[in-house]
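Below, each chain spelled out in residue letters.
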Amino acid sequence: MHGTALTPELLLAAYARGLFPMAEKRDDPHLYWVSPEKRGIIPFDTFHVPHRLARTVRSGKFTVTSDRAFVQVMQGCAASAPGREESWINDEILRLYTSLAASGHAHSVECWQDSELVGGLYGVKLGGVFFGESMFSRATDASKVALVHLVEGLRRGGFSLLDTQFLTAHLARFGAVEIPRERYLALLENALGHEAYWQDLA
């Protein structure tokens, strides 16, 4: 993508074809397109919440909101953390996705404790698909609670596909699976064929 001005419109068109951008490092200004041979998704019908986490969700330990601190969530996802010193989120990614949020095509879920942002996630909405981009946590279980609320909101909004891009051990605990690119593209085409509605989590 060297020398190419990427716009929010081009970015959405790429998502519709199964592509998403990343940077090599936080301070690298260039982006490249990714289309994994194996794609991570979370099927809504097999989404699993561990019992201990379910208790945390019910306890009200965190105040959960949506679209209240989109930029701060992205910055939290890009920040260095133990075991994640580097990030693929650079300034160009931040600019592009902030523009998507302003037009209603990107959303965030935030977890708060005593008015402090302690975790969250963000992603892109297109048709009946939510493309999960990244999550962060500064308090135990904060990002997990955000994910539980995200899935509930997507279900209520009529979404049919939750794309996690890659499969991680963390996501596998919730029922995430890995599927071949061809299967993913078929699910994507079907999900793009209907409109879903983002649910305010405040």
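Heads up: the structure comes first, above all this text.
Owing to the predicted nature of the structure, the values given are computational and were not obtained by experimental measurement.

Asks: Help me get a handle on the pattern of salt bridges, residues and values and all.
Replies: For the coordinates displayed, the defined rule picks out six salt bridges. Between D141 and R52 there is a salt bridge, with the nearest N and O atoms lying 2.8 Å from each other. Within this pair, whereas D141 is found in the loop between strand 7 (129-137) and helix 5 (142-157), its partner R52 is found in helix 2 (residues 51-59), the two being separated by 89 residues in sequence. Assessed through its relative accessible area of 43%, R52 is described here as partly exposed. K125 is paired through a salt bridge with E195; the nearest N and O atoms lie 2.4 Å apart. In this pair, K125 sits in strand 6 (residues 116-126) while E195 sits in the segment after helix 7 (181-192), placing the two residues 70 residues apart along the sequence. Here K125 falls in the buried class, since its relative accessible area comes to 8%. Beyond isolated ion pairs, a larger network of salt bridges with shared partners links R52, D141 and K144.

Calculation notes
Residues numbered from 1 in each chain as written. Predicted model: local features only at pLDDT ≥ 70, side-chain atom pairs only at ≥ 80, totals over all residues. Heavy atoms only, no water. Salt bridge = Lys/Arg side-chain N within 4 Å of Asp/Glu carboxyl O. Helix = DSSP H or I, 4+ residues; strand = E, 2+ residues; numbered from the N terminus. Buried < 20%, exposed > 50% of the residue type's maximum accessible area, 1.4 Å probe, protein only.

In short, the description is geometric, and any link to function would need to be established separately.
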